[in-house]
Amino acid sequence: MEAETIKAFRMTLAEPKLLKDSIAIASELLQEVNLKVKPDSIELVAMDPANVAMVVLKLHSSIFTEYNVATEMTLGLNLSNLKQILKRSGANDILTLEFEENMVNIRLRGATDRTFKMPIIEVEEKEQKVPQLNFPFKVVTNSILISEAIADVSIVSEATTFTVEPNKLLISGQGDTSNAIIEIPADENTKITGTANKISSKYSIEYLQKMVGGAKLSEIMTLQFNKDYPLRIDFAEQGKYELSFILAPRVEGD
């Protein structure tokens, strides 16, 4: 490693929870990824191994108490290993990340001072770009409502159908002998904009259960879909982070 890149970045978090939770959520779908460290943010755009779902994550430099990035870098990392290390951080720990000679040093300072060294790996994946998708409507609602609805449908089915109407969102599933229908009315907690028509599409419960983990980050989520078209789920806090998922639809015969 060339001398000028040995200390290409150093960043510190006084509250590690946002980094810990966002990496844990992403690791449910991703294994080895290329993480981009930029002068103003950390970014991740990657497909799951089955090419069914995309994860888009951006952590702004503003969440760090110290953020020194000398040059933009792409780091190949095993997300599961990173998650296990970050899980060891406590609420009162100060977390520091530093690049040094093809390793990421992760230091946790609290009642004790602990340092983990994580190797940079070669990730064989072409650079991913977020697809430009056109949706006819948008649903902004409470994250827990969707999370609970997905849990309800998972009891009877491996897939769920989202149906949007101007005044409500329906989440339903059909099993061999049972079915479940959850109705979320448009009100002060659920805003539905942009549609005058009924639109339905079906998606995998297994993937959705992992995606709604974003409720750990935000009480609000945005849903967008179309008939037999990808679903997009967004969690965000302006100036701090954006976490998005894009999920391929399940069509008849899947």
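Residues numbered from 1 in each chain as written. Predicted model: local features only at pLDDT ≥ 70, side-chain atom pairs only at ≥ 80, totals over all residues. Heavy atoms only, no water.

1. As for the nonpolar core
Point 1. Ranked by size, the top nonpolar core spans 72 residues in total, and within it Phe9, Phe162 and Leu169 carry the most contacts.
Point 2. With five residues, the top contributor of residues to this core is helix H1 (residues 17–27).
Point 3. Excluding its chain neighbours within four sequence positions, the residues that come into contact with Leu169 are Val139, Ile146, Phe162, Thr163, Val164, Ile182, Glu183, Ile184, Ile192, Leu223 and Phe225. (Core = buried A, V, L, I, M, F, W, Y, C linked by side-chain atoms within 4.5 Å. Buried < 20%, exposed > 50% of the residue type's maximum accessible area, 1.4 Å probe, protein only. Helix = DSSP H or I, 4+ residues; strand = E, 2+ residues; numbered from the N terminus. Contact = heavy atoms within 4.5 Å.)

2. As for unusual backbone geometry
Point 1. Its identity is not glycine, yet Glu101 carries a phi of approximately 50 degrees, on the positive side.
Point 2. Phi is positive for Asn102, close to 65 degrees, though the residue is something other than glycine.
Point 3. With respect to the helices, strands and loops of the structure, Asn102 is situated in the loop between strand E7 (94–100) and strand E8 (103–109).

3. Points about the pairing of strand E3 (residues 41–47)
Point 1. With six of its seven residues buried, E3 lies for the most part within the structure.
Point 2. Examined bridge by bridge, strand E2 (residues 32–37) and E3 share two bridges and lie antiparallel to one another. Paired with Lys36 across the strands is Glu43, a residue of E3.
Point 3. Here E2 hands over to E3 after three residues, the two strands then running antiparallel side by side.
Point 4. Bridge count for E3 against strand E4 (residues 53–60) is seven bridges, and the pairing is antiparallel. If you follow Ser41 over to E4, its bridge partner there is His60.
Point 5. In sequence, E3 turns back onto E4 through a hairpin of five residues, with Asn51 there showing a positive phi of about 60 degrees. (Pairing = 2+ DSSP bridges.)

4. Thoughts on the environment of Asp40
Point 1. For Asp40, the location among the structural elements is in the loop between E2 and E3.
Point 2. The residues touching Asp40, leaving out its near neighbours within four places in the chain, are His60, Ser61 and Tyr67.

5. Let's talk about helix H2 (residues 79–86)
Point 1. If you check which residues of H2 are buried, you get Leu79, Leu82, Lys83, Ile85 and Leu86. The buried residues of H2 occupy one face: seen down the axis, they fall within an arc of 165 degrees.
Point 2. Backbone nitrogen of Ser80 and a side-chain oxygen of the N-cap are separated by 3.0 Å at the start of H2; the cap is Asn78. (Arc of directions from axis to C-beta. Polar contact = N/O pair within 3.5 Å; in protein donor to acceptor, adjacent residues only side chain to side chain.)

6. Things to note about the pairing of strand E1 (residues 9–13)
Point 1. By the criterion of burial, E1 is predominantly enclosed, with four of the five residues buried.
Point 2. Relative to strand E5 (residues 66–69), E1 runs antiparallel, the two being bridged by four bridges. Within E5, the position partnered with Thr12 by the bridge is Glu66.
Point 3. Bridge count for E1 against E7 is four bridges, and the pairing is antiparallel. Across the sheet, the residue bridging to Arg10 is Glu98, located in E7.

7. Concerning the sheet that holds E3
Point 1. Spatial strand order, E6-E2-E3-E4-E18-E17-E16-E10-E14: nine strands in an open sheet with antiparallel pairing. In the strand order of this sheet, the two ends are held by strand E6 (73–78) and strand E14 (191–193), each with one partner. Between one strand axis and the next, the sheet turns through 15 degrees on average, direction left out of account.
Point 2. Along the sheet face, H1 touches E3, E4 and strand E18 (241–247) and points at about 170 degrees away from the line of E4. (Axes fitted to C-alpha atoms, helices over the stretch in contact; angles between N-to-C directions.)

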